[in-house]
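Tertiary structure, described
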Amino acid sequence: MNRLFCLLILASAIAMSGCSKFLDKKPQTQIRTSSFWKTEDDIKAAIAGMYSGMQDVCGTNFLYWGDARSDNYFDNPKYGNVSYYTNGLTSSINGSDWSPLYTVIGRANDLLKHVPEVKALQPGIDPKLINYYLSEAYNVRAYCYFQLVKVWGDAPLWTVPFDSIGMDPYKARTPVNDLLDKLIIPDLLTAESLTNPDQKTVWEANLGLTYALLMDISMWRHDNAGAIEWYNKLTNLKRYKIEPTATWKNLFIAPSKTVENIWSIYWDWTTDGGAGISGQIGAGNTNSTFKISDVIWNYFSAAANAKDIRGAQSIDLKVKAHDKTLKYYPVNLDGSGNQLYPANNQANVYFPIYRFADMTLLRAEAANNLHDLPTALALLNQIHTRAGLTAYADTTLTDSTTMSNAILKERQYEFFAEGRRFFDLVRNGVVAKVMDPLIRIRKPDAQGFGADMRTVLWPLSITVLNANPKLVQNQPYN
Amino acid sequence: MKKKLCHSHPGRLSPGRNRIFYLLLLLQLFTFLTNAQKTPLPPRGEPINRVGGTVLDSKGNPLPGVSVTIKSTGMGTTTDSSGKFRITVPGPQSVLVFSLVSYENKEETVGRKVKMVIALNEAANSLNDVVVIGYGTAKKRDLAGSITSISAKQLEERHPASLGDALQGMAAGVLVTTSAVPGAQPSIRIRGYSTFSSAGNNPLYVIDGVLSDNMDWVNPNDVQSVEILKDAASAAIYGSRSANGVIIVTTKRGVEGKPRINVQYLHTSGILAHKLPQANSREVRLYRQEQSNSPTAGGNTDSLNPSFNADNDYQDLLTRTALKNQVDFGISGGARNMNYFTSIRALDDQGLVVNSYAKSLLLRANIEFSPSTKFKYTSRFNFGYTTGNKIDEGNTIFQAFQRPANYAVFFPDGTLTGYISGRRNPLSVALLQVNRNQNYQGGLFNQIEYTFIPSLKFTTNAVVNYSETRTQGFLPKLLSSANPTTNAGSEGFSRTVNWQYQAFFNYNKTFGKDHAVTGLAGFSAENTQTNSATLADVNYVSEEILTLNSGTLVPSGTTTSATGNSLASLFGRASYSYKGKYILNALVRRDGSSRFGANNRWGNFVSGAVAWRFTDERFMNWSGNVLDDGKLRVSVGQTGNERIGNFDAQSKYDFGTYFYNAQSGVAPNSAVGNPNLKWESTLQSDVGLDLSFFKGRLLVVADYYVKTTSDMLYSRPLPRETGYSSVRVNVGTVQNKGFELTLTGRPLVRRDFDWLVSSNLSIERGVVKKLNGGQSFISGNSSDAGNAAWLIREGGALGDFYGWKQVGVYAYDQSNAYNDNWERLTPNFDKNGVFQGYTFKGQPYTGAVHSVYGRSTKLKGGDVEFANLTKDSVIDNADRTVLGNAQPKFYLALMNTLHYKQFTLSFTFNTQWGNKIYNNAARVLDDYGTSNIIPQPYVIHNMWRKQGDVTDVPVYRSSSVGNVRVSDRFIEDGSFIRLAYLQLNYTLPPALSRKMFAQSANCYIYGSNLLTWTNYTWYDPEFTSSDPLQLGQDGGNYPRRREIGLGINIYF
């Protein structure tokens, strides 16, 4: 028995001493949080990670938020969900989940926390570069919070990364005005102060985006004077112009070659997979879930509007099912002259987040709001004539209402399928006026928006609600 | 007769056999070849009191490996391969005890005999059988825990393709659900679902002492015994991975004597067991008329249209007679100081669906060498290769039902069609889509046992397992839905290396006559490393060449992965038995796992058991003639689960999937790490009763258990605003209670006729006791239509289907009318069909009339009336309720073996009772969701068409009001009774087999899945569900075959 005990003790001793090391396993195809954030390459990789999150934000949501609820699209029966088009959103509908935006916010917060640490570790990195990286994170974070404001209203405010399970993960929603005043606008002002004006790449959130976003926010808050101020700062950069008529299509298929795009999202299906939007608007291997609305179809297909170069370059007029939007695809015709669409897992779509035409028409809108009709008309005509149309004469748009309608129409045709239309209707307070008659045609006993404008906002997704008991659903959704 | 049979002539062929045997050994390069060559020389100088003989079974076949011991000395020998033994006894008064697993013991006084002929009867169950209990063995009579032991003989009758299949119905509390797919492994659940993850509910496998997650590579023919450790007191010796029971597999060893050559061949043919009704062309047209709301419409009736004038029987086109060929070859034997067992199995299984197949080749060599009584060296080597084409069930056999019967399968020139109107040609998919896999696995095990003193033995062993997998997928242009068509494919490689080391001491001593003590103390460590890569390709230049150089690489489909984990353990066990009357048993295990947080790596698992053989008490003397043995067992213990991701405790950044503008990005993993993560622990208590009546002719084993898992390894959702989606935490409690009853009996024992019957019943009741924050959640489909949904709630059970209750279909538009209390009013019409007002319970109703809305539209005639549980004007999420449960109320197996002279008939009935199935296959067809998916004929003929139709099938209507919500319309009773196996075996009389130069030979007719009684309407109610949160959804599984076959089995 003594021998037994000796051996046992020996075995246990060997076991215990070697074990702590033996049981310490590192991830092999991932990196431990504690081992990251050492070099500039780490920052570059994290920046790419943040933008990659923007791809997920846009993938399918871009049109749900900005187009599906407007008069741009309708349900492609059997393939889509009619609820988007009849103001029947529910807490389980696609697009109601704000997680992708918060994922990007989390990555931006991570950068804002750790980039200064890398700076301390690597004093050799050009401080201008460090500041530019920080400005990108501020810009992207502000953009995401502004999307939250537009789609859901109040939203929880996270400015630091959740990187320890000791932190309280539950936060209630912060009111819209606090988000704007205490986070979004300060973020953009910080970005302006940190940015490097020489950085102009269209794929990155540079100074152009800062000004465009500030202008958009001012317009959203009906601060026309403020909007004009930010517009002037943007034009003072002398970076952006209206793209010529001949190369209008490049705005969507080659943004980096244009003088108009301010921020576009890069896409390469070989590394990113197919863009989800293709299954909604047109892919070669599946039916679209969206159908082009009669409003758009009838305008572009009318013989009188044949000279509007946007029609044939935006929608596929040859497809009888009205379910193919070709705006984002380069021309690729088969033998009989029909457009060939990429399979949904092979589609590249460069989402145009902001372009100068957008800012130009917003400036026109601001001028009209301030009853400066000549300025509004001049700016509107820039876009109108670029489309190949005859300029509006100053005798036709003589009051603010007709001017406003003309600007909104111009925006609808120009920014069709660019996530703009619904927010244009909201900003101008015409959602019910435009949509309710249409919704009643689509579904006779549907409620529409009516006087109760609460359904302009989206419901919070049930997944999101369940995960955080401090969240309160947007009324009247359940 | 028996006397006549006792003299076999085993020596006659020995030179030839030895040659084969030596050749084999040479091939395998075993170093102790020379020892083997020296063997069978009989020792010289026989003493006078030496006795020899032969041991036979009841049919006169020699029994090798029978232990022959001289009573009360412990000395003994074993019979050789021809059943012969020789032993030196102290004198004529000596008593010899003959024992062999699954045979009744026999005692015989030597007397004046020099040659003895002993016949052993098969035992229904024997208390002296040795049972493997993990790092040691014990006699069945000394067990205090709940262990079921299954012998090779029981397994052999099933002729299974995999060992898992053979365990079905063998043990109470063990639910084996087989899969119909060729080469697929069954799912095995021991005592219910104890946690929420798929892997966490699998048992641990211990194959010849080697711990494993599966037993896919074990040739069922090599198995000597299978032990199933069910309660915590038994399983806890395997600590951290034993919460769902342990299955111990012991393979065969050679028996001293001449080489024994075994050849077996089995051929089976299988047909589709259950053909389903499918809409033919005429019914497709009827449906088209309904879809387009025009009596003249009917698709393309143009007889010249080659695409649409067929009338296919797709099930006929896609299925064939499934042929299976199985060949086994083995040589085993041994000499005084060594023995060997080798085997080869080749299996070719051609599945029911064309082009689906599985082939395998399994090899094994087990060698034991003991140059002295103190030292034993064991080496085991096994190698396996499997390959198969796993056809895509959804796009073949299930697509067959979706695709209209009038679509062409072949072009006029005889070539296959691809897509027509968005529907794949299932035959093309089956024939042309490639989904091949090749798997290799090899294991080498070496062990040294050293006996210091007879009561103390030291064992140490090491094993290396190497496995490699290659998968190849390809989708040709013909099957592409893109325009222009493209082809795409992928190739994957994976390699896993695992090593294990164990060292332990066994102590075993009886003090005095009455105090038996055993002890075990040991240490083990293991490490696993897996590396894998998948590469995706498009635009293959040639569809003949499917290697990656033929196409263009797609970075987004190309991934690599590498992961590993390690475990270290200390374990010990002690037992004490007083005269076998009072048995105490305690064990402890301390496990460390790399998967847990640095603060909580180590976990302790403790268990204890007591047993009381009350029949040995004096006050039970009265029962002697009826009840010969009775034992009460009580055990309680703790077991664990560590099956989670290898690095769930750590926060980490991912890369390789976040690209932007040609820069590879990095982003935090969506699950945040939890450094405090620890073991999930399961506390199980078990009370059992073992009874043996009428000298072992009736055995009863009953167990009641309560199994509570707490601190479940649970992926807790995080608020999405954190940027993360989940964190792995220890929270939640699941409890299972169950009752198990096994009856084994020999109701008839005659000279030529013998009947053995065994049945077991298992009743399990699981309940979710505690969830994170008490919050219930929906697993599966959270929207209102489509796939099944399950409600996971405190007080509920896993498998609770959740959705809406269908009450009926409104006959008239006016039928959607309710009084203030939401009771339905009856609309009345005159003979011209003009609405005349409502009545309620036969009385005219004049009060307010309320109506129900679905998706904000008022429901009309033909719409489904759902149970309005909230009594309001809308059918919405609040009207959902639990619709039934997917787990059986009980399951039961009944096994019979009848011997008559040379014939043996054995058959097994299986049943599962009271479980519900969500028939999602039918749902996809019947929900009118896609215009080119054709519903089942019943739906086409019975759908609501006009005002006043009374039916249970809703109207075809394109704008949906939610008629096809997740509802009990597609929930069916999954109960079944099945004649699962039947075998009629004929053993050649020994005289006849000797003429074939064989020691023994038998041939048999075999059948499986011969008869099934069920009300379930899709292919088969038995199918595997991998996710415990999503049980019992049939998505159109591979059909099951009814199989009959012929086989022979010869021992030379």
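The numbering scheme is per chain: residues are counted from 1 as the chain's sequence reads. All chains are assigned letters beginning at A, and all ligands numbers beginning at 1, according to the order in which they are written. Under the rules for a predicted model, residues below a pLDDT of 70 receive no local features and side-chain atom pairs below 80 are neither given nor counted, while totals for whole chains, interfaces and linings still include all residues.

1. With respect to the overall build of chain B
Helix and strand counts for chain B come out as 13 helices and 60 strands. Taking 1052 residues into account, the globule formula puts the C-alpha radius of gyration at 31 Å, and chain B, at 33 Å, falls close to it. Each principal axis of the C-alpha atoms in chain B carries an extent, and together these give about 110 × 70 × 70 Å. Exposure classes come from backbone-placed C-beta atoms, where a residue is buried if 20 or more other C-beta atoms lie within 10 Å of its own, exposed if 12 or fewer do, and partly exposed in between. Taking all 1052 residues of chain B together, 48% fall into the buried category. It is the C-beta atoms, placed from the backbone, that decide contacts: two residues are in contact if theirs lie within 7 Å. Within chain B, counting contacts between residues at least 6 apart in sequence, those at least 24 apart form 69% of the total. Under the DSSP-based scheme used, a helix requires at least four consecutive residues in state H or I and a strand at least two consecutive residues in state E, with every element numbered from the N terminus. Our radius of gyration looks at C-alpha atoms and nothing else; its globule reference is 2.2 Å times the residue count to the power 0.38.

2. A look at the sheet that holds strand β1 (residues 50-56) of chain B
Residues and elements named next belong to chain B. One requirement defines pairing of two strands: DSSP has to find at least two bridges between them. Overall, mixed pairing links the 3 strands, which are arranged β4-β1-β7 in an open sheet. At either margin of the open sheet sits one strand with a lone partner, and together these are β4 (84-88) and β7 (115-119). Each neighbouring strand pair of the sheet contributes to a mean axis angle of 25°, computed without reference to strand direction. Alignment of β1 against β7, held across 5 bridges, turns out to be parallel. Bridge assignment links leucine 56 to a residue of β7, and that residue is alanine 119. A fitted line through C-alpha atoms serves as each axis, taken over the contacting stretch for helices, and the angle formed by two N-to-C directions is quoted from 0 to 180°.

3. A short note on the sheet that holds strand β56 (residues 971-973) of chain B
All names here are of chain B. What the 3 strands build is an open sheet, ordered β56-β55-β59; its pairing is mixed. Every interior strand has two partners, whereas the edge strands, β56 and β59 (1033-1034), have only one. In this sheet, β59 lies alongside strand β55 (residues 916-919) in parallel orientation, the contact comprising 2 bridges. Looking across to β59, one finds that tyrosine 918 is bridged to glutamine 1033.

4. Re the confidence of the model for chain B
All names here are of chain B. Looking at chain B as a whole, the pLDDT averages 87, with 93% of positions reaching at least 70. Confidence per residue, as judged by the predictor, is encoded in pLDDT with a range of 0 to 100. Between residues 1-17, whose pLDDT stays under 50, and residues either more than four places distant or in other chains, the model counts 26 contacts. Every residue in residues 20-47 is under pLDDT 50, and counting partners more than four places away or in other chains gives 26 contacts. In the model output, the complex is listed with pTM 0.87 alongside ipTM 0.91.

5. Details of helix α5 (residues 176-194) of chain A
Residues and elements named next belong to chain A. By this rule, a helix spans an expected 1.5 Å times one less than how many residues it contains. Over its 19 residues, α5 runs 25 Å from end to end, which matches the ideal 27 Å to within 8%, given 1.5 Å per residue. Within α5, the full set of buried residues consists of Leu179, Ile184, Asp187, Leu188, Ala191 and Leu194. Those residues of α5 that are buried lie in contact with α4 (127-152) and α6 (207-220).

6. What to know about the interface of chain B and chain A
One widely used convention gives an interface's size as the accessible area the parts lose upon coming together. Contact residues are listed per partner, giving 70 residues for chain B and 70 residues for chain A. Contributions of two or more residues to the side of chain B that touches chain A are made by β26 (488-511), β27 (515-538), β28 (552-578), β29 (582-593), β32 (652-660), β33 (663-668) and β49 (857-858) of chain B. Among the elements that take part in the side of chain B that touches chain A, β28(B) stands out by supplying 12 residues, more than any other. Each residue receives one of three labels: charged for Asp, Glu, Lys and Arg, nonpolar for Ala, Val, Leu, Ile, Met, Phe, Trp, Tyr, Cys and Pro, and polar for the others, Gly being one of them. Looking at the side of chain B that touches chain A residue by residue, the class counts come to 30 nonpolar, 33 polar and 7 charged. As judged from the 3 bridges shared by strand β1 (residues 30-32) of chain A and β32(B), these two strands associate in the antiparallel manner. By the bridge assignment, Gln30(A) is partnered in β32(B) with Asp654(B).

7. As for unusual backbone geometry
Backbone geometry follows two general trends: most residues other than glycine have a negative phi, and most peptide bonds adopt the trans configuration. For the peptide bond that leads from Gln475(A) to Pro476(A), omega is 5°, which places it in the cis range. With respect to the secondary-structure elements, Pro476(A) resides in the segment after α18 (462-467). In this structure, His322(A) takes a positive phi of about 60° despite not being glycine. Among the structural elements, His322(A) can be located in the loop between α12 (309-314) and β5 (352-355). A tally of 21 C-beta atoms within 10 Å means that His322(A) is categorised as buried. The phi dihedral of Asn355(B) falls on the positive side, at around 70°, and the residue is not glycine. Of note, Asn355(B) is situated in the loop between β19 (338-350) and β20 (357-369).

8. A few points about the pairing of β20(B)
Regular strands show a simple pattern: their side chains alternate between the two faces of the sheet. All names here are of chain B. Here β19 runs beside β20; their pairing, made up of 13 bridges, is antiparallel. For glutamine 350, the partnering residue across the bridge sits in β20 and is tyrosine 357. Between β19 and β20, which pair antiparallel one after the other, the connecting turn spans 6 residues, and asparagine 355 there sits at a positive phi close to 70°. Sheet topology note: the β20/strand β21 (residues 375-389) ladder contains 13 bridges and is antiparallel. Looking across to β21, one finds that leucine 362 is bridged to glycine 384. Hairpin remark: β20 followed by β21, antiparallel, with 5 residues in the connecting loop.

9. Considerations on the domain arrangement of chain A
Residue and element names in this part refer to chain A. Segmentation of chain A into domains returns domain 1 (36-196 + 457-467) and domain 2 (222-267 + 291-347 + 354-416). Where each domain starts and ends follows an automatic or database-derived domain assignment. The C-alpha centroid of domain 2 is placed 26 Å from the C-alpha centroid of domain 1. Facing 9 residues of domain 1, the contacting portion of domain 2 comprises 10 residues. Contributing elements (two or more residues each) for the side of domain 1 that touches domain 2: α2 (40-68) and β2 (73-75). Class assignment of the residues belonging to the side of domain 1 that touches domain 2 gives a composition of 4 nonpolar, 3 polar and 2 charged.

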